[in-house]
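# An overview of the molecular structure
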There are 2 protein chains.
Amino acid sequence: MSEQERDYDEFRVIEDLAGWRRTHHNNELTAANMDEEVCLMGWVQFRRDHGGLIFLDLRDREGLTQVVFNPEHNAEVHDRAHAIRPEYVIAIKGVVRPRPEGMANSNMVTGEVEIEVNEYKLLNTSETPPFPIEDRVEVGENLRLKYRFLDLRRPSLARNFIIRNKAAQSVRRYLDNLGFLEIETPVLTKSTPEGARDFLVPSRVNQGEFYALPQSPQLFKQMLMVSGMDRYFQIVKCFRDEDLRADRQPEFTQIDIEMSFVDEAYVQDMAENMVKTLFTETIGVDLPAEFPRMTYNDAMRDYGVDKPDLRFDLKLTEVTDIFKDSGFKVFASSELVKVMRVPGGATLSRKEIDDYTKYVEIYGSKGLAWIKIKEDGGWQSPIVKFFSEEEIAQLGERTGVQPGDILFFQAGAADIANAALGNLRCELARDLGLIKDDVYTPVWITDFPLLEYDADEKRYVARHHPFTSCQPDQMEVLAEEPGKAIARAYDLVINGYEVGGGSIRIHTQEQQKIMFAALGIDEEEAREKFGFLMDALQFGAPPHGGIAFGLDRLIMILTGSRSIRDVIAFPKTQKATCLMTEAPSAVPSKQLRELGVRLREKKQD
Amino acid sequence: MSEQERDYDEFRVIEDLAGWRRTHHNNELTAANMDEEVCLMGWVQFRRDHGGLIFLDLRDREGLTQVVFNPEHNAEVHDRAHAIRPEYVIAIKGVVRPRPEGMANSNMVTGEVEIEVNEYKLLNTSETPPFPIEDRVEVGENLRLKYRFLDLRRPSLARNFIIRNKAAQSVRRYLDNLGFLEIETPVLTKSTPEGARDFLVPSRVNQGEFYALPQSPQLFKQMLMVSGMDRYFQIVKCFRDEDLRADRQPEFTQIDIEMSFVDEAYVQDMAENMVKTLFTETIGVDLPAEFPRMTYNDAMRDYGVDKPDLRFDLKLTEVTDIFKDSGFKVFASSELVKVMRVPGGATLSRKEIDDYTKYVEIYGSKGLAWIKIKEDGGWQSPIVKFFSEEEIAQLGERTGVQPGDILFFQAGAADIANAALGNLRCELARDLGLIKDDVYTPVWITDFPLLEYDADEKRYVARHHPFTSCQPDQMEVLAEEPGKAIARAYDLVINGYEVGGGSIRIHTQEQQKIMFAALGIDEEEAREKFGFLMDALQFGAPPHGGIAFGLDRLIMILTGSRSIRDVIAFPKTQKATCLMTEAPSAVPSKQLRELGVRLREKKQD
């Protein structure tokens, strides 16, 4: 065999297509094409020799087609086909034939046919890949990322990028039809000290100065509204130099939208229709005709988080009042006591409860109190002995607890108790199988507080950003009791993920000044940081607002992906490196000298 | 009046739209809408008080509509309208009426109608802008760039972004229909020492290492082909830290396209149709059904440059042979002597010729010889006295010179002579009015040399990039006489601008090794710089090729803009600064410390 293979080597020279043009992708040919002459190209997924014939499954982005080399049909071509191995790249010309009786494969679109090969070109060979090119691949992600060009050949991953493209084009079509202009904003922008950490780019021409990569085009899109562009959008890369969590990337993509002469309802209607169109056009799912709306306060009350997952029912119930004079001091002394009733949860084991106790510690909780309701109605719990009968009765009544349920408690600072119980809610739902596939529950969260108090800095900071408007009747509230002002802001939440968020912006100097005052930013600081915004507001800024969607997150939901890295072609690891290209990397010191910077380590100078 | 104005102040508080929704843009209402109730919003272009009425021209992105406040119709609203100044932002509700007899303005789409105002909201005031918001504005570009949000209000500039958006959507639609996937490639990539200077981004997580902003997604798009994505495109920002010429920006936008299983003709057909569709859909211009093709050698011979402007006829003629034994030593000793005949050019003055002599010096020329053919057929020239009769006769015959013409000569090194005369050709055409508006002459330039000799580095370098394939029958030429190898590369030139360029790429290890050898890059260096490409070629890379278009340049051609800054929303100056945001800027030293870098100046440490 090895001698034979050497002979074939002569056929694998840099072979040109020499005018061959592919007629079909590998998912196209069916019985309707019978006896057509076709030209296919692709990768060899699989080779099988049987009864003197050589069968190949030929793969491309779209699918597989079976190809047959028959020595009786063309001996020379059949002979050369012996050299073919998996992942070789070939081109064939042949005729569409029915598969022999009983050999049809109803799992394949092309399963009724095979191509009888007349002519064949070996376009490239391949070494054996470091992992098989198939959907279920049991290899470490690092190996997959190093050989990303092979990982992306796997059909399940390739599909994500087909959907991602569909999604982007759907959004563009929708917005273009509404008269939105896609306008590119700069990537080399100005560093602003607000917000997350900027990626910096040293300037060679202006040594000692730096550009920043944009965290979002926020100010540019507002400038475009001041300039009368009326309706702007952009699908645009944004950058944050933050420590990466599992679902974060240093660069991510935003669908950025801004409109003039609109209010919240207008932006929400537009965005809601966009998302509905997106789901229909990419995955054929029809979202509810009208998305429900929920205030921030209601979301926090019922779900403990401002991005509730409404695919399942579990709700939180506040019981602070029940225990305010309780003998159980942990509850009595707490700012907030909340309980979540989990129907049927009494079957949870001690070990499972211990695991959930560890889980809530992530959110700063110090423990997880629980009560199981036995089938006989008895309450089993380490804490119930501290409760009065009155407390037990009220608790039972308010939660509507039933035999077989479990109650989980959080008590303490409101933010920690809410976060712990709100996230436990989702964790439990996953574990208990309460979440059905292919269910999508969009909800608008509205009426956010405009500001939040930063205990470290001892001042109010903007919850969204300092250009968010407050409700029009609340200018005095903002000036006098900033913490109580309600923002004209809204988030779109789907399945517990915040997929989009936006607001009506401040468009007058007066309100911007009041806002900066509430944030403790004096005029000099405002001018230094946002001088051009202050300028712009002087020259006829129109009322405007917008919304931005995280495209990566949307694609995760549309494709059902668990990792953000499965919807980004060349993602970074959690250490912000690219394993394929080995970025970042050291650079010659000459390059740094040109930029007027050097590394801090002395030895590098 | 001033007292009255103070009173109006109370109306200009942060006024909310309170449910008002705009019904039309300001270019929409015509006689067909007579008597409709409408709601318009926009900026006040112009106010005129006449006969007790107040007339405004209301402007938005789309156009102007005349609005009338009539005291007899609504006294309170008319009274408040006195406060209105240019660039104020207002909303009105009113009824579409015919303009009075003889007042129609046929220059405006909406010129037959005016809106009789019933209700009015002042949405914002404006100070007097630093320059008027109108097309012909005689102010320095720096002031315009500082107040870019006002500059963009000018209709001629706004129109560029409307066309730019149309162009981008047209290209996307076209490619999407052909099954291209838009796939985003990283912005934080690896620095490669080839090509232009990279912008660098220090890594905080991996201190001492740097990302580079991509000069193009070249290697990523090739990886996508290896991964079977088949047809990729992206409208994507690219970056080059080069000293800026008038038509360059540090960040620019590319339409980046790559296809598998194709040859040159396939890519060119696809691209040609894309560009034709683009011109038709954006500016209604039908380009020629088939673009002419011209080899690199022919372009250099006839036009002296590889991006010939074919809107006019002037051609260059080589006459080296005529003068090879000439008594005129300047010509006799030259590698190349070329002449351009300019019909009717004998009217050029001595001063004009002197200016052109200075012009060709830009290209390294040391002088500009010329001969005027007088109406009586006599030759007037400082050099003709050195020519033999035979030389004069041959020159006359080969150039076909006529009375009234001028001949311009370049002699010397071929590259300088060609560049000088080729560019002079375009300069002359502009000055002599040989270039008609709205004429577009696309041409494919093909058969480029694969390599060019770099005299400084004493080695061959890739003319395009080191992944460009040579013609399939030229592998031996590449190995043995690298300078003679012809690339599978092609440029699309329109009106003398290279708007796109591409090639069929190397897809086999064998050819890539020969290419690197020809470039003097040894295996270790190749592995270090392009390791993942070398890996990828081992695992079944398909034949592939592509093309990239400069979007900014295309938009300049489509809009007839003279400056690249007129087609970029927030451009940088030639010093790579943004005058609006004042980027780049100094950053706190804490930020640099986190990145592990510091400025070279001692005092900054």
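Predicted, not measured: the structure shown is a model, and the values here were computed from it. Going along each chain's sequence as written, the residues are numbered from 1 onward. Chain labels run from A onward and ligand labels from 1 onward, assigned in the order the entries are written. Confidence filtering applies because this is a predicted model: local features only for residues at pLDDT of at least 70, side-chain atom pairs given and counted only at 80 or more, and all residues used for totals across whole chains, interfaces and linings. Only hydrogens and water are removed before side-chain values are computed, so all heavy atoms of the structure are retained for them.

It is worth spelling out the UniProt feature "site: Important for tRNA non-discrimination" (unreviewed entry) in chain A at this point. Residue and element names in this part refer to chain A. UniProt positions are given in the numbering used here, feature names are shortened, and annotations may be inferred rather than shown by experiment. The residues that UniProt annotates with the feature "site: Important for tRNA non-discrimination" (unreviewed entry) are His-50 and Gly-102. Only DSSP runs of H or I covering at least 4 residues are called helices, and only runs of E covering at least 2 are called strands; the numbering of each starts at the N terminus. Tracing the backbone shows His-50 in strand β1 (residues 37-50). Residue burial is assigned from relative accessible area. The probe radius is 1.4 Å, only protein chains are included, and a residue is buried under 20% of its type maximum, exposed over 50%, and partly exposed in between. Given the relative accessible area of 53%, His-50 is considered exposed. Position of Gly-102 among the secondary structure elements: in the loop between β4 (89-98) and β5 (113-124).

Attention shifts here to the sheet that holds strand β13 (residues 336-342) of chain B. Residue and element names in this part refer to chain B. Strand order in the open sheet formed by five strands is β12-β13-β16-β14-β15, with antiparallel pairing between adjacent strands. The open sheet has two free edges, formed respectively by β12 (316-318) and β15 (379-380), since each of these has just one partner strand. Note on pairing: two strands pair once DSSP finds at least 2 bridges between them. Note: strand β14 (residues 369-373) against β15, two bridges, orientation antiparallel. Opposite Lys-372, over in β15, you have Gln-380 as the bridge partner. Each of β12, β13 and β16 (406-412) is contacted by helix α12 (residues 414-431), which is oriented at about 10° to β13, the strand it contacts most. Contact definition: two residues touch when any of their heavy atoms are within 4.5 Å. Interaxial angle, 0 to 180 degrees, is taken between N-to-C directions of lines fitted to C-alpha atoms, where a helix line uses only the stretch in contact.

This part is about the sheet that holds strand β2 (residues 53-59) of chain A. Sheets are built from strands paired through backbone hydrogen bonds, the pairs being either parallel or antiparallel. Residue and element names in this part refer to chain A. Judged by pairing direction, the barrel is mixed, and its five strands sit side by side in the order β1-β2-β3-β5-β4 before closing back on the first. Direction aside, neighbouring strands of the sheet carry axes that sit 55° apart on average. Bridge count for β4 against β5 is ten bridges, and the pairing is antiparallel. Residue Val-89 lies in a different strand from β5, and its bridge partner there is Asn-124.

Now for the pattern of salt bridges. Each salt bridge in this description consists of a side-chain nitrogen of Lys or Arg and a carboxyl oxygen of Asp or Glu lying within 4 Å of one another. The final tally for this structure, using the stated rule, is 88 salt bridges over all chains. A salt bridge links B:Arg80 to B:Glu76, with the nearest nitrogen and oxygen atoms 2.9 Å apart. Highlighted residues: B:Arg80 and B:Glu76, both in helix α2 (residues 75-81), separated by four residues, approximately one helical turn. Accessibility expressed as a relative area gives 11% for B:Arg80, which makes it buried. By relative accessible area, which is 43% here, B:Glu76 ends up partly exposed. Residues participating in the shared-partner salt-bridge network are A:Arg144, A:Arg148, A:Asp151, A:Arg154 and A:Asp566.

In this comparison the copies share one frame, found by least squares on the C-alpha atoms of residues holding pLDDT of at least 70 in both. Under the fitted operation, chain A is carried onto chain B by 0.0 Å of movement along the axis and a turn of 180°, and the coordinates agree to an RMSD of 0.1 Å. Taken together, the rotation and translation describe the operation of a two-fold axis. For chain A, the minimum C-alpha distance to the rotation axis belongs to A:Val201 and amounts to 2.5 Å. Of the interface residues in chain A, 100% have counterparts in chain B that sit at the interface too, so the contact is made through matching surfaces.

We now examine helix α8 (residues 296-303) of chain B. Where α8(B) is concerned, the buried positions are B:Tyr296, B:Ala299, B:Met300, B:Asp302 and B:Tyr303. Remark: B:Gly304 follows α8(B) within two positions and exhibits a positive phi of approximately 75°.

As a further point, take the packing of aromatic side chains. Remark: the centre distance and the inter-plane angle together describe each pair of aromatic rings, the angle taken between the planes. Residue and element names in this part refer to chain A. Aromatic pairing here means that ring centres of Phe, Tyr or Trp (its six-membered ring) are within 6.5 Å. Orientation follows from the plane angle: under 30 degrees is stacked, over 60 is edge-to-face, and everything else is tilted. A complete count under the given rule lists 44 aromatic pairs over all chains for this structure. When the ring of Phe-279 is compared with that of Tyr-440, the centres are 5.3 Å apart and the planes differ by 70°; the resulting orientation is edge-to-face. Of the two residues, Phe-279 sits in helix α7 (residues 264-283) while Tyr-440 sits in the loop between α12 (414-431) and β17 (442-446), which places them 161 residues apart along the sequence. A residue is classified by how much of its surface remains accessible, and Tyr-440, at 14% relative accessible area, is buried.

This next bit is on the pairing of strand β16 (residues 406-412) of chain A. All names here are of chain A. Of all seven residues making up β16, six are buried, and the element is well covered by its neighbours. Both strand β13 (residues 336-342) and β16 contribute to a ladder of seven bridges, which runs antiparallel. Its bridge partner being in β16, Met-340 is matched across the sheet by Phe-408. In terms of strand pairing, strand β14 (residues 369-373) meets β16 through four bridges, oriented antiparallel. Within β16, the position partnered with Ala-369 by the bridge is Phe-409.

The next point concerns helix α10 (residues 350-361) of chain A. Residues and elements named next belong to chain A. In this analysis, the expected span of each helix is defined as 1.5 Å times one less than the number of residues it contains. Taking 1.5 Å of rise per residue, the twelve residues of α10 would be expected to cover 16 Å, and the 17 Å separating its terminal C-alpha atoms lies within 8% of that figure. Buried residues of α10: Ile-353, Tyr-356, Thr-357, Tyr-359 and Val-360, and no others. When α10 is viewed along its axis, its buried side chains cluster within an angular range of 160° and face the same direction. Structural note: α10 exposes Lys-351 and Lys-358 on the side pointing more than 90 degrees away from its buried face. Along its buried surface, α10 packs onto β14, β16 and α12. The directions from the helix axis to the C-beta atoms form the arc being described.

Another aspect to go through is the UniProt feature "binding site: L-aspartate" (unreviewed entry) in chain A. Residue and element names in this part refer to chain A. The sites that carry the UniProt feature "binding site: L-aspartate" (unreviewed entry) are, in the present numbering, Glu-194, Arg-240, His-464 and Arg-505. Turning to its location among the elements, Arg-505 is positioned in the loop between β21 (497-504) and α14 (509-518). Arg-505 has contacts with Gln-218, Lys-221, Gln-222, Ile-257, Glu-258, His-465, Phe-467, Ser-469, His-544, Gly-545, Gly-546 and Ile-547, leaving out every residue within four places of it along the chain.

Between two packed helices, both the angle of their axes relative to each other and the distance between the axes serve to describe the pair. Residue and element names in this part refer to chain B. Where helix α5 (residues 155-177) meets helix α7 (residues 264-283), the axes come as close as 9 Å, and the angle between the chain directions of the two elements is 140°. Viewed along their axes, α5 and α7 adopt a mutual orientation that is oblique. When the axes of α5 and α7 are compared, the crossing they make is right-handed. Residues Ile-163, Lys-166, Ala-167, Ser-170, Val-171, Arg-173, Tyr-174 and Leu-175 of α5 lie in contact with α7, whose contacting residues are Met-270, Asn-273, Met-274, Thr-277, Leu-278, Glu-281, Thr-282 and Ile-283. Here the term charged refers only to Asp, Glu, Lys and Arg, the term nonpolar to Ala, Val, Leu, Ile, Met, Phe, Trp, Tyr, Cys and Pro, and the term polar to all other amino acids, Gly among them. A breakdown of the residues in the contact of α5 with α7 according to their chemical character gives nine nonpolar, four polar and three charged. Throughout this description, any angle smaller than 35 degrees is read as roughly parallel, any larger than 145 degrees as roughly antiparallel, any in the 65 to 115 degree range as roughly perpendicular, and the remainder as oblique. The sense of a crossing depends on the near helix, which, turned anticlockwise from the far helix by less than a right angle, makes the crossing left-handed and, turned clockwise, makes it right-handed.

What follows covers the environment of A:Asn27. Residues and elements named next belong to chain A. Note that Asn-27 resides in the loop between α1 (2-9) and β1. A C-alpha to C-alpha distance of 5.9 Å links Asn-27 and Leu-64, two positions 37 residues apart in sequence. The contact partners of Asn-27, leaving out residues within four places of it in the chain, are Glu-62, Gly-63, Thr-65, Val-109 and Thr-110.

Residue and element names in this part refer to chain A. Each patch is built from residues that are more than 30% exposed by relative accessible area and take part in no salt bridge. Like charges join if they lie within 9 Å; nonpolar side chains (Val, Leu, Ile, Met, Phe, Trp, Tyr) join within 5 Å. Computed with the Shrake-Rupley method and a 1.4 Å probe, the accessible areas treat only the protein chains shown as cover for residues. Neither His nor the chain ends is counted toward charge; the positive residues are Lys and Arg and the negative residues Asp and Glu. Note that the charge is assigned to NZ on lysines, CZ on arginines, CG on aspartates and CD on glutamates. There is a patch of like negative charges on the surface, built from Asp-522, Glu-523, Glu-524 and Glu-528. Here Glu-528 is to be found in helix α15 (residues 523-538). The exposure class assigned to Glu-528 is exposed, which follows from its relative accessible area of 60%.

We define a nonpolar core as any set of buried Ala, Val, Leu, Ile, Met, Phe, Trp, Tyr and Cys residues linked to one another through side-chain atoms lying within 4.5 Å. Core analysis: the largest hydrophobic core is formed by 138 residues, its most contacted members being A:Phe149, A:Leu213, A:Leu224, B:Phe149, B:Leu213 and B:Leu224. Core analysis: the next-biggest nonpolar cluster, separate from the first, contains 42 residues, A:Met274, A:Val285, A:Tyr490 and A:Ile568 among them.

Residue ranges for the domains trace back to a domain assignment, done automatically or taken from a database. Each domain of chain A was delimited in the assignment, giving domain 1 (3-124) and domain 2 (312-431). Distance between the C-alpha centres of domain 1 of chain A and domain 2 of chain A: 63 Å.

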